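Reading the structure
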Amino acid sequence: MATRLRSAGTRCTVIGGSGFLGQHLVEQLLAKGYTVNVFDVHRGCQSDRVSFFLGDLCDKEALLPALQGVSVAFHCASPAPSSDNRELFYRVNVGGTKAVIEACREAGVQKLVLTSSASVVFEGTDIKNGSEDLPYAQKPIDYYTETKILQEKEVLAANDPENNFLTAAIRPHGIFGPRDPQLVPTLIQAARSGKMKFIIGDGKNLVDFTYVDNVVHGHILAAEKLQKGSPLCGQAFHITNDEPVPFWAFMSRLLTGLGYNAPKYHIPYGLAYCLALLLALLLWLLRPLVTIRATFTPMRVALAGTFHYYSCERAKRALGYSPVVGLEEAVARTLQSYPHLRRARA
Ligand code: NAD
């Protein structure tokens, strides 16, 4: 295709390439014939076919060697959303992203693709088939989301075709797949400790869960389609499986697929939310004496009990995106990849 980058020999850098999404992205880029640099604050299980650069992305000088001779940079590094360290989120997602932009410009990188998040428009209330035109959340649900908004704004505003620097942001939602250290392991841990008995709300709220290969596909398409004069420069794109599912049906499918019982008792959404608020208040009052981090928080109740699914029509139209792995197949591949989490037969 005329608009395609010729991948063979094209050098790119994956910032955050030791992480869950980053590693899958690196593998696909290698399979497509790209030459790949990885920049990360820790060394993951890297293929010996990549050049690895160890460093903190907040340090422009550390980034520069990883960006020399590179046409495309993918920025998919972030502190884990579960942290509540405001300073860390601001330092890495905001300050660090500014450093990434400066380093890319200085090194002559032509394209920067950011991994943002669909949660940048989520305020804890229902979103049904939301498009990219929804305004950024006025009251983001946590520091992670607050700084993902600022990070995305920085990257999109840096789009500068005059100076041959093009940017785009991919907004995935609920990434899952093999080697994810979060979703399935956390769910199974909760099931093993007897915490997966309740469904919050009526269980009908639809949510997007997106298989990692589809998220990777969206990133590579964006990099390949970003061209001077194209209307997709400086834009954000939702990337989903395009198959929203009831949140609790998806959780139940993962649980039963690994031999655990699905939750069956319902707790009204409002009640769950109030209990989580009360717990947060109690922990705040106890803070001078003891610090306890709750897993049952108002934010998690909102994530589990509201509709939040997004339209990926813009990505379909502008990038030619469509999911490469359907949800059923994606779940089967994911379950197969966690034999160690399967419940031992009595
Ligand atoms: P991950 O934690 O597995 O990977 C993040 C990587 O970033 C890690 O390897 C980490 O070492 C690296 N990193 C963090 N701080 C760094 C720093 N200061 N300097 C250099 N490297 C640093 O996370 P993931 O699930 O693969 O997420 C990748 C991206 O996708 C993130 O930007 C995240 O916000 C976004 N995202 C994830 C999801 C999801 O469901 N996992 C959903 C939407 C968006």
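All values reported here derive from a predicted model rather than from experimental measurement.

Moving on: the packing of helix α7 (residues 247–257) against helix α11 (residues 327–336). Between α7 and α11, the shortest axis-to-axis distance is 10 Å and the interhelical angle comes to 40°. As far as their axial angle goes, α11 and α7 are oblique. For α7 against α11, the interelement crossing comes out right-handed. Counted together, F250, R253, L254 and G257 of α7 and L327, E328, V331 and L335 of α11 form the full contact between these two elements. Split into classes, the residues belonging to the contact of α7 with α11 amount to five nonpolar, one polar and two charged.

The strands that make up a sheet pair up through hydrogen bonds in the backbone, lying either parallel or antiparallel. Here we have seven strands laid out as an open sheet, ordered β3-β2-β1-β4-β5-β7-β12, and parallel in their pairing. The open sheet has two edge strands with one neighbour each: β3 (51–54) and β12 (235–239). Strand-to-strand twist across the sheet, computed as the mean angle between neighbouring axes with direction ignored, equals 20°. Relative to the sheet, helix α4 (residues 143–157) contacts β4 (72–75), β5 (111–115), β7 (166–172) and β12, its axis offset from that of β7 by approximately 150°.

Take the state of the cysteines next. Here, disulfide denotes a covalent bond that connects the sulfur atoms of two cysteines. Applying the stated criterion across every chain yields a total of zero disulfides. The closest cysteine sulfur to the non-disulfide-bonded C12 is located on C76, 11 Å from its own sulfur. Among the cysteines around C58, which has no disulfide bond, C104 carries the closest sulfur, lying 14 Å off.

Around the ligand, 23 residues are found, and the nearest of them are F20, L21, D40, Y144 and K148. Within the side chain of D40, a nitrogen or oxygen atom sits 2.6 Å from an oxygen atom of the ligand. Here an oxygen atom of the ligand sits 3.0 Å away from a polar atom, N or O, in the side chain of H42. Its free accessible area being 830 Å², the ligand has 84% of it covered by the protein chains. Within the residue set of the shell around the ligand, elements represented by two or more residues are α1 (20–31) and α4. Grouping the amino acids of the shell around the ligand by side-chain chemistry returns 10 nonpolar, 10 polar and three charged.

The rules behind each value
- Residues numbered from 1 in each chain as written.
- Predicted model: local features only at pLDDT ≥ 70, side-chain atom pairs only at ≥ 80, totals over all residues.
- Heavy atoms only, no water.
- Axes fitted to C-alpha atoms, helices over the stretch in contact; angles between N-to-C directions.
- Helix = DSSP H or I, 4+ residues; strand = E, 2+ residues; numbered from the N terminus.
- Parallel < 35°, antiparallel > 145°, perpendicular 65-115°, else oblique.
- Left-handed = near helix turned anticlockwise from the far one by under 90°.
- Contact = heavy atoms within 4.5 Å.
- Nonpolar A, V, L, I, M, F, W, Y, C, P; charged D, E, K, R; others polar.
- Pairing = 2+ DSSP bridges.
- Disulfide = S-S within 2.5 Å.
- Near = heavy atom within 4 Å.
- Polar contact = N/O pair within 3.5 Å; in protein donor to acceptor, adjacent residues only side chain to side chain.
- Areas by Shrake-Rupley, 256 points an atom, 1.4 Å probe, with all protein chains shown as cover.

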